[in-house]
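# A closer look at the structure
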Amino acid sequence: LRKNVEDFTGPRERSDLGFVTFDITADILNGKNGLQTFWNKNALIIFDWNVKQLFLYLSAEYSTKNNALNQVVLWDKIMLRGDNPRLSLKDMKSKYFFFDDGNGLKGNRNITLTLSWNVVPNAGILPLVTGSGHVSVPFPDTYETTKSY
């Protein structure tokens, strides 16, 4: 679903606002994680003695005629040590606004969703882990005019 709405945060009068509904099935502990099939060979040791929590996030990447790379975080979750590492989330809506700085979502056929996470250690460096799979979704060619979100 996509709308063209007033954007008071940027220099343009109107911008595209995307609404995304998604399912996430992830087994972080056993290395099966992602939107469909994400795989990370290091996931088996992700909750070792030095891991306090994981910061999971779903991001969208796409290109437009104005920008070669656009990246937007749509959803996030903090997973604490001891939490169930198996996620099964259905019909989730984006937690944050999916604004484009123009009309780059309309008819865009290659918006790629990726599940990633930061390991928050008790001490030491903060590594970034990205799932090795992704899902590409097309956006429609027309704007939604009804309030259906």
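Here goes a summary of the coordinates provided. Just so you know, these numbers come straight off a predicted model, no measurement behind them. (Residues numbered from 1 in each chain as written. Predicted model: local features only at pLDDT ≥ 70, side-chain atom pairs only at ≥ 80, totals over all residues. Heavy atoms only, no water.)

## Section: unusual backbone geometry
Of note, the phi angle at Asp-91 is positive, near 50 degrees, even though the residue is not glycine. For Asp-91, a relative accessible area of 57% translates into the label exposed. (Buried < 20%, exposed > 50% of the residue type's maximum accessible area, 1.4 Å probe, protein only.)

## Focus on the packing of aromatic side chains
For the structure on display, the rule yields 5 aromatic pairs. Counting every residue linked through ring pairs, the aromatic cluster contains Tyr-62, Phe-98 and Phe-139. (Phe/Tyr/Trp six-rings, centres within 6.5 Å; stacked < 30°, edge-to-face > 60°.)

## Describing the pattern of salt bridges
Counting across every chain of the model gives 2 salt bridges. The residue Lys-95 makes a salt bridge to Asp-76 at a minimum N-O spacing of 2.6 Å. Remark: Asp-76 occurs in strand β7 (residues 70-80) and Lys-95 occurs in the loop between β8 (86-93) and β9 (98-99); sequence separation between them is 19 residues. What makes Lys-95 partly exposed here is its relative accessible area of 49%. (Salt bridge = Lys/Arg side-chain N within 4 Å of Asp/Glu carboxyl O. Helix = DSSP H or I, 4+ residues; strand = E, 2+ residues; numbered from the N terminus.)

## Considering the nonpolar core
If you look at the biggest cluster of nonpolar residues, it comprises 27 residues, and the most contacted ones within it are Ile-28, Leu-54 and Phe-98. Elements represented by at least two residues in this core include exactly β3 (21-27), β6 (51-62), β7, β8 and β10 (111-121). Excluding residues that lie within four positions of it along the chain, Leu-54 makes contacts with Ile-28, Ile-46, Phe-47, Lys-77, Ile-78, Met-79, Trp-117, Asn-118 and Val-119. (Core = buried A, V, L, I, M, F, W, Y, C linked by side-chain atoms within 4.5 Å. Contact = heavy atoms within 4.5 Å.)

## What to know about the environment of Lys-95
Linking Lys-95 and Lys-77, residues 18 residues apart in sequence, is a C-alpha distance of 9.9 Å. Ignoring anything within four residues of it in the chain, the contact list for Lys-95 reads Leu-74, Trp-75 and Asp-76. Only 2.6 Å separates the side chain of Lys-95 from the side chain of Asp-76, close enough to count as a polar contact. (Polar contact = N/O pair within 3.5 Å; in protein donor to acceptor, adjacent residues only side chain to side chain.)

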